[in-house]
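Fold and geometry: a report
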Amino acid sequence: MSGNSVEERVNRWIRPAIRELSAYAVPNAEGFVKLDAMENPWPWPGELQDAWLDALRHLRLNRYPDPRATRLVSALREAMALPQGSGVLLGNGSDELIQMIAMALAGPGRCVMAPEPGFVMYRMIATFVGMEYVGVPLRENFGLDEAAMLEAIERHRPAVIFLAYPNNPTGNLFDEGAMRRIIRAAPGLVVVDEAYHAFAEASFLGDLESHPNLLVMRTLSKLGLAGLRLGLLVGAEPWIREFDKVRLPYNINALTQASAEFALRHRERLEIQAARIRAERERLMAELEAIPWVKPCPSRANFILFRVPEGAGEPVFEQLLGRRILIKNLGAAGGMLRDCLRVTVGMPEENRLFVQALKAVKIGS
Ligand SMILES: *Cc1c(COP(=O)(O)O)cnc(C)c1O
């Protein structure tokens, strides 16, 4: 019995909160119809691909990238019509922005709050930085429980509240009025996470000026650039200035800066794709509604959450896998998402294969 084995050292030094976590799991999708991760399924046409490669040709990878990504920030300001005078902070995906916010706010007695079920990174990142996480259950229909939120705000005085608009994994837009009352009641920051903005066509950017504790976060991931890892946080300059201090130098690499600038110059392509995805979402929704044992939830995102009969979540997921279709099984943890699965809106052919496979599933005994 030595007290010096690697395991013992790990157990002694890695914080218990971290040892209890599981690393964020990403399944291998090789050979599958991939409908699990809210990616835009549409590739770029060949000539656009060539023009992109041309745009990268001048890059000098021996040099560090522009530390402030000045040109990219200007392009984003214009493309997203960001309010004049607002500050902008870029992250290596919006996940990194959530991490920067948490790092700057962490401290004894400080907590992160979000409605549940919600985006898992809010809780995980709170844990990484040693902050308490308070999840406030949504109502049965996945709407905000305004009274419960206001009560939790009063009780916990959260340093930051994350409201995903639309919410992931439920896909719905929360009630605007309830959101505003929560923002006004919050003593700390409220971050409205608009990862699915392109599919929701609703935003709180216009509220920034009238709410001094509000920040809006967006990402290019769901719009069609998941591989680039680029998110942005928009809000009053004094907030952005502070968060910028915990940003690692050169967090947005040269390939991402140049590629995102290129993509924004051709953003009508992304907008057309987003419109196609919205149209496909409505078609897929109608198909799901027509299956008697499937209960889809209204979606303003590029995915649909649906519930299957009690106990059928796992078998449905497995049988789809057997037909080489990968979606997301959310029911494992039980609770409000028991027997719930989430499918990303794919290309028409992918959606057709998914619906066909779903209809062929054998449930119950
Ligand atoms: C996907 C997602 C993100 C993360 O986006 P990245 O920019 O790829 O890190 C953030 N928030 C919500 C709600 C998401 O669904």
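What comes next is a walk through the structure. Please read these numbers as outputs of a predicted model, since none were measured by experiment. Sequence order as written defines residue numbering, which begins from 1 separately in each chain. Only residues with pLDDT of 70 or above have their local features reported here, since the model is predicted, and side-chain atom pairs are shown and tallied only from 80 upward, although totals for entire chains, interfaces and linings are computed over all residues. Side-chain descriptors were evaluated using all non-hydrogen atoms of the structure, hydrogens and water having been removed beforehand.

**Points about the pattern of salt bridges**
- The term salt bridge refers to a side-chain nitrogen of Lys or Arg lying within 4 Å of a carboxyl oxygen of Asp or Glu. Scanning the model with the defined rule gives 22 salt bridges in all.
- Note that Arg278 is salt-bridged to Glu201, the shortest N-O span being 3.3 Å. In this pair, Arg278 is assigned in helix 13 (residues 267-289) and Glu201 in the loop between helix 9 (197-200) and strand 7 (214-219), connecting sequence segments 77 residues apart.
- Type-normalised accessible area, obtained with a 1.4 Å probe on protein chains alone, sets the label of each residue: buried when under 20%, exposed when over 50%, and partly exposed for intermediate values. Given the relative accessible area of 55%, Glu201 is considered exposed.
- Among the charged side chains, a network of salt bridges with common partners joins Lys34, Asp36 and Glu39. The way it works is that DSSP assigns letters per residue, a run of H or I at least four long becomes a helix, a run of E at least two long becomes a strand, and they are numbered from the N terminus.

**Side note on the site of the ligand**
- Residues are counted as near a molecule or strand when any one of their heavy atoms sits within 4 Å of it. Near the ligand you find 14 residues, and of these Asp193, Tyr196, Thr219, Lys222 and Arg229 are the closest.
- Between an oxygen atom of the ligand and a main-chain N or O atom of Asp95, the distance comes to 3.0 Å.
- Within the side chain of Thr219, a nitrogen or oxygen atom sits 2.6 Å from an oxygen atom of the ligand.
- The accessible surface values rely on the Shrake-Rupley method and a 1.4 Å probe; as for residues, cover is taken only from the protein chains in view. For the ligand, the accessible surface in isolation is 390 Å², of which the surrounding protein chains cover 94%.
- Of all elements in the fold, only helix 5 (94-105) and helix 10 (221-225) reach the threshold of two or more residues within the shell around the ligand.
- Considering only residue class, the shell around the ligand consists of five nonpolar, five polar and four charged. Here a polar contact is recorded for every N or O atom pair within 3.5 Å, except that within protein the pair must consist of a potential hydrogen donor and a potential acceptor, and residues adjacent in sequence are included only if both atoms are side-chain atoms. Classification convention: Asp, Glu, Lys, Arg as charged; Ala, Val, Leu, Ile, Met, Phe, Trp, Tyr, Cys, Pro as nonpolar; all other residues, Gly among them, as polar.

**Some points on the packing of aromatic side chains**
- Classification of ring pairs uses Phe, Tyr and Trp, with its six-membered ring standing for Trp, and accepts pairs whose centres are within 6.5 Å; under 30 degrees between planes counts as stacked, over 60 as edge-to-face, and the remaining range as tilted. All told, the structure shown has nine aromatic pairs when counted by the stated rule.
- Ring plane angle 80° and centroid distance 5.4 Å describe the contact between Phe119 and Tyr122, whose orientation is recorded as edge-to-face.
- You can call Phe119 buried: its relative accessible area is 17%.
- Plain terms: the ring middles of Tyr122 and Phe162 are 4.5 Å apart, the flat faces sit at 10° to each other, and that makes the pair stacked. Residue Tyr122 is located in helix 6 (residues 120-128), and its partner Phe162 is located in strand 5 (residues 160-164); the two are separated by 40 residues in the primary sequence.

**A look at the layout of surface pockets**
- Taken as a whole, the second largest pocket spans an internal volume of roughly 410 Å³.
- Secondary structure elements with two or more residues in the lining of the second largest pocket: helix 3 (46-56) and helix 10.
- Residues that form the lining of the second largest pocket fall into these classes: 13 nonpolar, eight polar and four charged. Definitions used for this entry: grid spacing 1 Å over protein atoms alone; cavity, a set of points where a 1.4 Å probe fits but cannot get out; pocket, an open set with protein on both sides within 12 Å along at least 5 of 7 lines; lining residue, one with an atom within 4 Å of a point. Grid points are joined across faces, edges and corners, and a volume is the space filled by probe spheres set on the points.

**Things to note about the pairing of strand 6 (residues 189-193)**
- Extensive coverage of strand 6 is indicated by the burial of five of its five residues.
- Side chains of strand 6 alternate between two faces, with Leu189, Val191 and Asp193 and Val190 and Val192 buried alike.
- Note: strand 5 against strand 6, five bridges, orientation parallel. Within the sheet, the bridge partner assigned to Leu163 lies in strand 6 and is Val192.
- The handedness of a crossover follows from its direction of travel: if, with the strands pointing away from the viewer, the path from the first strand over the helix to the second runs clockwise, the crossover is right-handed. With helix 8 (residues 176-185) bridging strand 5 and its parallel neighbour strand 6, the resulting β-α-β unit is right-handed.
- When DSSP locates at least two bridges between a pair of strands, those strands are taken to pair. Where strand 6 meets strand 7, four bridges bridge the pair, whose relative direction is parallel. Bridge pairing in strand 7 places Val192 opposite Val216.

**So, the side chain of Lys222**
- Along the polypeptide, Lys222 turns up in helix 10.
- Buried and without a salt bridge, Lys222 has Asp95 as its closest oppositely charged side chain, separated by 7.0 Å.
- Among the polar contacts listed, one links the side chain of Lys222 to the side chain of Tyr196, at a separation of 3.2 Å.
- Two residues form a contact once any of their heavy atoms are found within 4.5 Å. Once you skip the residues sitting within four places of it in the chain, Lys222 turns out to touch Ala37, Met38, Asn40, Ala195, Tyr196, Phe199 and Asn302. Only four residue types enter the tally: Lys and Arg on the positive side, Asp and Glu on the negative side; His and the chain ends are excluded.

**A closer look at helix 6**
- Within helix 6, burial applies to Met121, Tyr122, Met124, Ile125, Ala126 and Thr127.
- The inward-facing, buried residues of helix 6 abut helix 2 (16-19), helix 5, strand 3 (111-116), strand 4 (132-137), strand 5 and strand 6.
- Looking one or two residues past helix 6, Gly130 carries a phi angle of roughly 75°, positive in sign.

**Some words on the packing of helix 13 against helix 15 (residues 348-360)**
- Axis definition: a line fit to C-alpha positions, over the contact stretch in the case of helices; interaxial angles, taken between N-to-C directions, run 0 to 180 degrees. Taken N-terminus to C-terminus, the directions of helix 13 and helix 15 make an angle of 10°; their axes are 11 Å apart at the nearest point. With respect to helix 15, the axis of helix 13 lies roughly parallel. Where helix 13 approaches helix 15, its residues Glu280, Arg283, Leu284, Glu287 and Leu288 are matched on the opposing element by Pro348, Asn351, Phe354, Val355, Leu358 and Lys359.
- Looking at the contact of helix 13 with helix 15 residue by residue, the classes come out as six nonpolar, one polar and four charged. The scheme is simple: roughly parallel for angles under 35 degrees, roughly antiparallel for over 145, roughly perpendicular for 65 to 115, oblique for anything else.

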